[in-house]
Structures are given as structure tokens and as C-alpha cells.
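One letter stands for each residue in the lines below.
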Amino acid sequence: MSVRFMIDSIDFVRNAGIHQDKIPVLELARLHDLLFDNEGELRYTISGHFDKNNKPNLHLEIKGKIHLCCQRCLDKLPHIVDLQTILLLVESEAELDQVDEEDTIDAILATPDLDVWSLIEEEIILSLSISSRHPDGACEMYQPESNEDILFDKTQLTNPFAALAAFKNKN
Ligand SMILES: [Zn+2]
């Protein structure tokens, strides 16, 4: 069993903390629904800083490879994770809302027991595109496969005018 890494977020910044480690993908349970398998591991670095306005920040860097599911053929889709995020630590919900409105930087609540792994999970989930799929040439199922395409084809076949147009074009 791996032990999750927790920090007292403000303390971590005050002490200019820096921590590097690896997480097996297997441990990132919230990611699993999005993955083809749970192989591999991610490397991360988290460090604490005060920014130019003297606000506490966490810098998070996550690198590694995960296997997504191609949304077209459902086969394995290797995906490189290479994320760098700066998170502003705020003291209250009200402050959090305010930062969200300004929307220039991501903010999280400064807690004395911040679960770094959970933060990493969240950052990766946010970074993933909803419709991840192989490039056209590399996908085994590169055919008109989606419902929309099938629907479109049927319309073509059952529409006499479309058939006529196709016939005319041939001649
Ligand atoms: Zn595919």
C-alpha cells in the first residue's frame, strides 16, 4: 500500500517546501473510469512559493504516460501527461469565489491537510479532452462509426432526390 502525500499547505509555502515523488496510476482511482488500463506511473513535483503579491502559491508539475480509451475503437490510446500548474492558496470560500470570477489563476482553499494525490488526480482529469481518440490514420475503427454518421448515410440512401443527384453527377 502506498501512503498518500498530505501537506499543510500554508506551512509548506512558508517553509519553501519542495517534494518529488512517483504515483502508480493504480492509486489514482478517480482516473480509472477514463483509462484503458491502470499501468504506469506519474512523476510529480510540488513546491511552495510566495508570488510577487506575497500570496502563497503551489507549483505543481506532473509528467508521465497514461492509457486512455479511444472513443472510437475503445482500444488503448497512449497519452502523455505533461502539466504545469500554479495554484493560488486562499483562506476562505469567499476569497475563492472572488478569484474564480477574475479567472486569471486557479485557486484552492488552503487547508492544513491538503491531499496532494487528490489534487493531482483533479488536474489530470481537468486536462483531458472529452473526445480523445486515435488520429484518423492510426485508429482501427476509422470508418463512419458514430451515430451521426450512420444517420447521415441512411438519409442519403432513403432520400430519392439525393439518389437522383448522385445519378446525375455520374453522367
Ligand atoms: Zn481508435
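Keep in mind that what you see is a predicted model, and the values were worked out from it rather than measured.

1. Details of the coordination of the zinc ion
Those protein atoms acting as donors to the zinc ion are C70 (SG), C73 (SG), H134 (ND1) and C139 (SG), and they sit at 2.0 to 2.4 Å. Its 4 donor atoms give the zinc ion angles of 98 to 125° at the centre, a pattern that matches the tetrahedral case. Mapped onto the sequence, the donors of the zinc ion take the spacing C-x2-C-x60-H-x4-C. Note on accessibility: C70 and C73 belong to one class, buried.

2. Quick word on the sheet that holds strand 4 (residues 56–69)
Judged by pairing direction, the sheet is mixed, and its 5 strands sit side by side in the order 2-3-4-5-6 without closing on themselves. Only two strands of the sheet have a single partner each, and these edge strands are strand 2 (18–24) and strand 6 (106–109). Geometrically, the sheet is characterised by an average inter-axis angle of 30° between neighbouring strands, direction not taken into account. Two elements, strand 2 and strand 3 (residues 41–50), share 7 bridges in a ladder whose sense is antiparallel. Bridge pairing in strand 3 links I18 to S47. Those strands touched by helix 2 (residues 93–102) are strand 5 (76–90) and strand 6, and its axis lies near 170° from that of strand 6.

3. Brief notes about the confidence of the model for the protein chain
Averaged over every residue, the pLDDT of the protein chain is 85; residues scoring 70 or more account for 81%. Overall, residues 150–157 carries pLDDT values under 50, and its contacts beyond four positions in sequence, including any with other chains, amount to 4 contacts.

4. Brief notes about the pattern of salt bridges
Working definition: two side chains of opposite charge can pair if their charged atoms are close together. Evaluation of the coordinates by the stated rule reveals 7 salt bridges. A salt bridge links R4 to D115, with the shortest nitrogen-to-oxygen separation between them at 2.9 Å. Placement of R4 in the segment before strand 1 (6–7) and of D115 in strand 7 (residues 114–115) is noted, with a sequence separation of 111 residues between them. Here R4 falls in the partly exposed class, since its relative accessible area comes to 33%. Taking the shortest distance from any N to any O, the salt bridge between E121 and R30 comes out at 3.3 Å. Of this pair, E121 sits in helix 3 (residues 116–127) while R30 sits in the loop between strand 2 and strand 3, placing them 91 residues apart in sequence. Owing to a relative accessible area of 4%, E121 belongs among the buried residues under this scheme. Its relative accessible area of 41% is what places R30 among the partly exposed residues. Salt bridges sharing partners connect three or more residues here, namely R30, E121 and E122.

So, how was this worked out
Residues numbered from 1 in each chain as written. Predicted model: local features only at pLDDT ≥ 70, side-chain atom pairs only at ≥ 80, totals over all residues. Heavy atoms only, no water. Donors = N, O, S within 2.8 Å, 3.2 Å for Na, K, Ca; no water. Tetrahedral: all angles 85-135°; square planar, octahedral: opposite > 155°, others 65-115°. Buried < 20%, exposed > 50% of the residue type's maximum accessible area, 1.4 Å probe, protein only. Pairing = 2+ DSSP bridges. Helix = DSSP H or I, 4+ residues; strand = E, 2+ residues; numbered from the N terminus. Axes fitted to C-alpha atoms, helices over the stretch in contact; angles between N-to-C directions. Contact = heavy atoms within 4.5 Å. pLDDT = per-residue confidence, 0-100. Salt bridge = Lys/Arg side-chain N within 4 Å of Asp/Glu carboxyl O.

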